[in-house]
Amino acid sequence: MDHFHLQDGALHCEGVSLEALADAVGTPTYVYSAATMERHAEVMQAAVAGAGTGEPLVAYAVKANPNAHVLARLGKIGLGADVVSIGEYRRARAAGIAPDRIVFSGVGKTAEEMAEALAGGLLQFNVESMEEAHTLSAVADAQGREAPMGFRINPDVSAGTHAKITTGTADNKFGIAAADALGFTREAAGLPGLAVHGVTVHIGSQLTNLAPLEQAFCRLGELISALRADGRDIRIADLGGGLGVPHGPGQPEPPSPEAYGEMVRRVTTGWNTRLLFEPGRLIVGNAGVLLTRVVRVKPGVRAPWLIVDAGMNDLMRPALYDAYHRIEAVRPSGVQQIVNVVGPVCETGDTFTMDREMDRVEAGDLIVFRTAGAYGATLSNGYNSRPLAAEVLVDGDRWALIRRRVDPDALAGVETADWR
Ligand SMILES: Cc1ncc(COP(=O)(O)O)c(C=O)c1O
Ligand SMILES: N[C@@H](CCCC[NH3+])C(=O)O
């Protein structure tokens, strides 16, 4: 069921008219459906229920959408958090997510970040190099604590996704080579302050095929056996995120969470570990749209330029990854046109799409970019001294502004000239 639907000829999010929202808060604005993100979370929880030993933990990848109100909603229905900075850790805690439901990933954790998270509590650090393990050991030893950790394995599997969001090939910066895992884990187990109980893998994002995930999980399974044979007490297997979401007709259809859960159950039989999952996009991607207004329509050589008031600074994915976003008129005219949709930023890359067939719209009309709930607002910036877009959360027929539009003057307000 799509919570973005037509009602009285115009697009609504749940019971709220996007036209009314644009009038109330202006554009560009991210609009999220609480019902959609909660349903996605529950579908994921159900898909992996009963897998592994003990309670499987769905630790939402905060980076996908770190808005405090989104985190609080997801935390309330039982999701944990996968964080990659102390900023995300603090946000997860502030949203009420318990320390024992938080994992800390990322290749560049600093000693300060480790110290704060260790003191505050967490389920596990996902450590990405032997060098990092040494830093964590020193941090834990200094606090007189044991840092729970697992190594992130780079399984050297091609995820079949965009090169810039592939993370599990030997040439990527993430994780340790599977061949090093035995030696590194043995070395880490001998360091003070480290409790090595986990292994983790995450091979990329927007995966539309289960095969590379299955291959990576199988490698992890072999490794768990080898680590156990070497005397390690492996209790947690964190299978990362990465499951793709549908982007609409003509786009690759990802496997369902149920099919993913089935594969996980099959591959992890006999592992005898607790299972963790780190979905981001799956939970929030299709729970959000970017609502924007057409500023003007300018004649073009191939097709007219539809210049909208959202730019690449607001939604970076097309510029960064040539990502496809479905574009819809908020009030469909029923007449189709072919257009190039671009933003106002002074970059040729500020192009959302070329030669797209869509409903005919004119200057002043509203359109939406679909599937913008993940890696949308969080990747935005103030390039060209543009404000950061507002964010709205809809729940039934009520809505709340969950991030005010951030004026460029507010950003300029932190510029200092403290010469020394
Ligand atoms: C370690 C880790 N876990 C989870 C995720 C979430 O990925 P996705 O949003 O594709 O589920 C990412 C991002 O790719 C990641 O780097
Ligand atoms: N930011 C990327 C996903 C990368 C996730 C982080 N590892 C996207 O929008 O598709």
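Residues numbered from 1 in each chain as written. Chains lettered and ligands numbered in written order. Predicted model: local features only at pLDDT ≥ 70, side-chain atom pairs only at ≥ 80, totals over all residues.

The next subject is the UniProt feature "binding site: substrate" (unreviewed entry) in the chain. According to UniProt, the feature "binding site: substrate" (unreviewed entry) maps to Arg281, Arg317, Tyr321, Glu347 and Tyr375 in the numbering used here. Across 95 residues, the annotated set is spatially dispersed, with a maximum C-alpha separation of 27.0 Å. Residue contacts for arginine 317: discarding those within four places in its chain leaves Ala323, His325 and Tyr375. Among residues more than four places away in sequence, those in contact with tyrosine 321 are His162, Lys164 and Ile165. (UniProt positions renumbered as here; feature names shortened; annotations may be inferred. Contact = placed C-beta atoms within 7 Å.)

Another point: the site of ligand 2. All residues in the neighbourhood of ligand 2 are listed as Lys63, Ile165, Ser205, Gln206, Arg317, Tyr321 and Tyr375. Classifying every residue of the shell around ligand 2 by side-chain character gives three nonpolar, two polar and two charged. Per-domain counts for the shell around ligand 2 show at least three residues from each of domain 1 (4-33 + 285-412) and domain 2 (34-283). (Near = placed C-beta within 6 Å. Nonpolar A, V, L, I, M, F, W, Y, C, P; charged D, E, K, R; others polar. Domains from an automatic or database assignment.)

Attention now goes to the site of ligand 1. Every one of the 16 residues lining ligand 1 counts as a neighbour, but Ala61, Ser205, Gly241, Gly280 and Arg281 are closest to it. Across the shell around ligand 1, the residue classes tally to five nonpolar, eight polar and three charged.

A few words now on the sheet that holds strand β2 (residues 10-13). Overall, antiparallel pairing links the three strands, which are arranged β1-β2-β3 in an open sheet. On the outer flanks of this sheet lie β1 (4-7) and β3 (16-17), each paired with one strand and no other. Looking at chain direction, β1 and β2 are connected through four bridges and run antiparallel. Paired with histidine 5 across the strands is histidine 12, a residue of β2. (Pairing = 2+ DSSP bridges. Helix = DSSP H or I, 4+ residues; strand = E, 2+ residues; numbered from the N terminus.)

When its domains are assigned, the chain resolves into domain 1 (4-33 + 285-412) and domain 2 (34-283). Put simply, the middle of domain 1 and the middle of domain 2, counted by C-alpha atoms, are 32 Å apart. In terms of residues, the side of domain 1 that touches domain 2 owes the most to one element, strand β20 (residues 390-395), which gives four residues.

Take the environment of glycine 382 next. Relative to the helices and strands, glycine 382 is located in the loop between β19 (366-369) and β20. Linking glycine 382 and glutamate 415, residues 33 residues apart in sequence, is a C-alpha distance of 14 Å.

On any regular strand, side chains alternate: one points to one face of the sheet, the next to the other face. In terms of burial, strand β5 (residues 57-61) is a largely internal element, five of the five residues being buried. On β5, burial covers both faces: Leu57, Ala59 and Ala61 on one face and Val58 and Tyr60 on the other are all buried. Taken together, the two bridges between β5 and strand β13 (residues 274-277) define a ladder with parallel strand orientation. Among the inter-strand pairings, valine 58 is bridged to a residue of β13, identified as phenylalanine 277. Here β5 runs beside strand β6 (residues 80-83); their pairing, made up of three bridges, is parallel. Paired with tyrosine 60 across the strands is alanine 81, a residue of β6. A crossover connection joins β5 to the parallel β6 through helix α3 (residues 68-76); in handedness this β-α-β unit is right-handed. (Buried ≥ 20, exposed ≤ 12 C-beta atoms within 10 Å, placed from the backbone. Right-handed = clockwise from strand over helix to strand, strands pointing away.)

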